[in-house]
Amino acid sequence: MHLRQPPSSIRLSALLALLACLPAVAGEPARYAFDPVHTRVMFAIDHAGFSKAIGTISGSQGSLHFDVEDWSSARLDVVVPMHRLDMGDSGWSASVFAPRFLDVKRHPQARFVATDGLQRQLANRGRACGQLTLHGVTRPLCLDVVLNKAGRYPLPPFRRTIGFSATATLKRSDYGMTSWQSLVGDNIELRIEAELFRQDGEDEQPAQPDAPSIDPSVPAQD
């Protein structure tokens, strides 16, 4: 014999199941992708005591799940293409690529992953702590971050965009790079400027954009 539930019980069970699912959906932070053109990693390292040698890396890619109101839900995963490092001189860059330093043939990428959210400390400042993999070695690292702006980019396609600045200091020896310690410093100062654009389905172009679009096929009028 099969006992049938009253219709009211069925409706109540369905409603409870639906309500149980809503917080997870509503609380899911928006997904942003790194803009590789407007994201740059810069580092500075002591050069025999005479100056700080500066290098930059462009082309980083990855994603950030982020809620402007709730930083604790953030998840970050970004890959930095070490083979795109630029020291401002091809010979100097080649020396840094060599096995005694970055060894980019074996380790062409660095990766930073933070899955436990961002620690918001002030209105637009906080820390992102996670794991940095560099030169084949993975170690914990914390970045001091500043949320510069969150809003729509003012030019087509008017994507929702967020921008961050971040800084950190690490030791190259912690990542297995110990050559030429009498000439090249151990401490590496990092500075990161990053822009990310929203990836979910809520990023449609506004009906009346603040800035007019320009059609290059139409000649300008005096």
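Residues numbered from 1 in each chain as written. Predicted model: local features only at pLDDT ≥ 70, side-chain atom pairs only at ≥ 80, totals over all residues. Heavy atoms only, no water.

Examining the confidence of the model for the chain
Fine structural detail should not be taken from predicted coordinates in areas where pLDDT scores are low. A residue-level look at the chain finds 78% of positions with pLDDT of 70 or above and a mean pLDDT of 85. Taken together, the stretch residues 12–25 has pLDDT below 50 and engages in 0 contacts with residues farther than four places along the chain or on a different chain. Counted against residues more than four places away or in other chains, residues 203–222, with its pLDDT under 50, gives 14 contacts. (pLDDT = per-residue confidence, 0-100. Contact = heavy atoms within 4.5 Å.)

A word on the state of the cysteines
Applying the stated criterion across every chain yields a total of 1 disulfide. Across a sulfur-sulfur distance of 2.0 Å, cysteine 129 and cysteine 142 are joined as a disulfide pair. One quick way to see it: the torsion about the S-S bond of cysteine 129 and cysteine 142 is about 110 degrees, and its sign makes the bridge right-handed. With cysteine 129 in strand E9 (residues 125–134) and cysteine 142 in strand E10 (residues 137–152), this pair connects stretches of sequence that are 13 residues apart. The class of cysteine 129 is partly exposed, set by a relative accessible area of 23%. (Disulfide = S-S within 2.5 Å. Helix = DSSP H or I, 4+ residues; strand = E, 2+ residues; numbered from the N terminus. Buried < 20%, exposed > 50% of the residue type's maximum accessible area, 1.4 Å probe, protein only.)

A closer look at the pairing of E9
Bridge count between strand E7 (residues 109–114) and E9: 3 bridges; the pairing is antiparallel. If you follow phenylalanine 112 over to E9, its bridge partner there is leucine 132. For strand E8 (residues 118–120) and E9, the ladder comprises 3 bridges, and the chain directions are antiparallel. Of the residues in E9, the one forming a bridge with arginine 120 is glycine 126. Of the strand pairs in this sheet, E9 and E10 are connected by 10 bridges, and their pairing is antiparallel. Residue pairing across strands places leucine 134 opposite valine 137, the latter belonging to E10. Here E9 folds back onto E10 in antiparallel fashion, the turn holding 2 residues, of which histidine 135 has a positive phi close to 60 degrees. (Pairing = 2+ DSSP bridges.)

So, the pairing of strand E3 (residues 51–58)
Looking at chain direction, strand E2 (residues 40–47) and E3 are connected through 8 bridges and run antiparallel. In the strand pairing of E3, histidine 47 is matched with serine 51. Both E3 and strand E6 (residues 85–86) contribute to a ladder of 2 bridges, which runs antiparallel. The residue bridging threonine 56 from the neighbouring strand is aspartate 86, located in E6.

Quick notes on the packing of aromatic side chains
Given two aromatic rings, one states the distance between the centres and the angle between the planes to describe the pair. For the structure on display, the rule yields 3 aromatic pairs. Geometrically, the ring pair formed by phenylalanine 101 and tryptophan 180 is edge-to-face, given 5.9 Å between the ring centres and 85 degrees between the ring planes. Linking phenylalanine 101 in the loop between helix H2 (90–97) and E7 with tryptophan 180 in the loop between strand E11 (160–171) and strand E12 (184–198), this pair joins segments that are 79 residues apart in sequence. In this structure tryptophan 180 comes out as partly exposed when scored by relative accessible area, which is 45%. Here the aromatic cluster, defined as three or more aromatic residues joined through ring pairs, consists of Phe66, Trp71 and Phe164. Here arginine 100 stacks its cationic end above the ring of tryptophan 180, 4.5 Å away from the centre of that ring. (Phe/Tyr/Trp six-rings, centres within 6.5 Å; stacked < 30°, edge-to-face > 60°. Lys NZ or Arg CZ within 6 Å of the ring centre and 35° of its normal.)

Here's the deal with the pattern of salt bridges
Using the criterion set out here, one finds 6 salt bridges in the structure. For lysine 52, the salt bridge goes to glutamate 189, with nearest N and O atoms at 2.8 Å. Taken together, the residues lysine 52 in strand E3 and glutamate 189 in strand E12 connect sequence positions 137 residues apart. (Salt bridge = Lys/Arg side-chain N within 4 Å of Asp/Glu carboxyl O.)

Quick look at unusual backbone geometry
Peptide bonds are mostly trans, and most non-glycine residues show a negative phi. Omega for the peptide link from proline 156 to proline 157 comes to 10 degrees, which places this bond in the cis form. Along the polypeptide, proline 157 turns up in the loop between E10 and E11. A positive phi angle is found at alanine 48, which is not glycine, with a value near 60 degrees. Note on placement: alanine 48 falls in the loop between E2 and E3. Alanine 48 sits in the partly exposed class, given a relative accessible area of 29%. In the Ramachandran plot, aspartate 103 falls in the positive-phi region, its phi being about 50 degrees despite a non-glycine side chain. By the secondary structure assignment, aspartate 103 is in the loop between H2 and E7.

Some words on the environment of aspartate 103
Accessibility expressed as a relative area gives 8% for aspartate 103, which makes it buried. Placed 74 residues apart in sequence, aspartate 103 and methionine 177 show a C-alpha to C-alpha distance of 9.5 Å. Those residues in contact with aspartate 103 that sit more than four places away from it in its chain are Val96, Phe97, Ala98 and His135.

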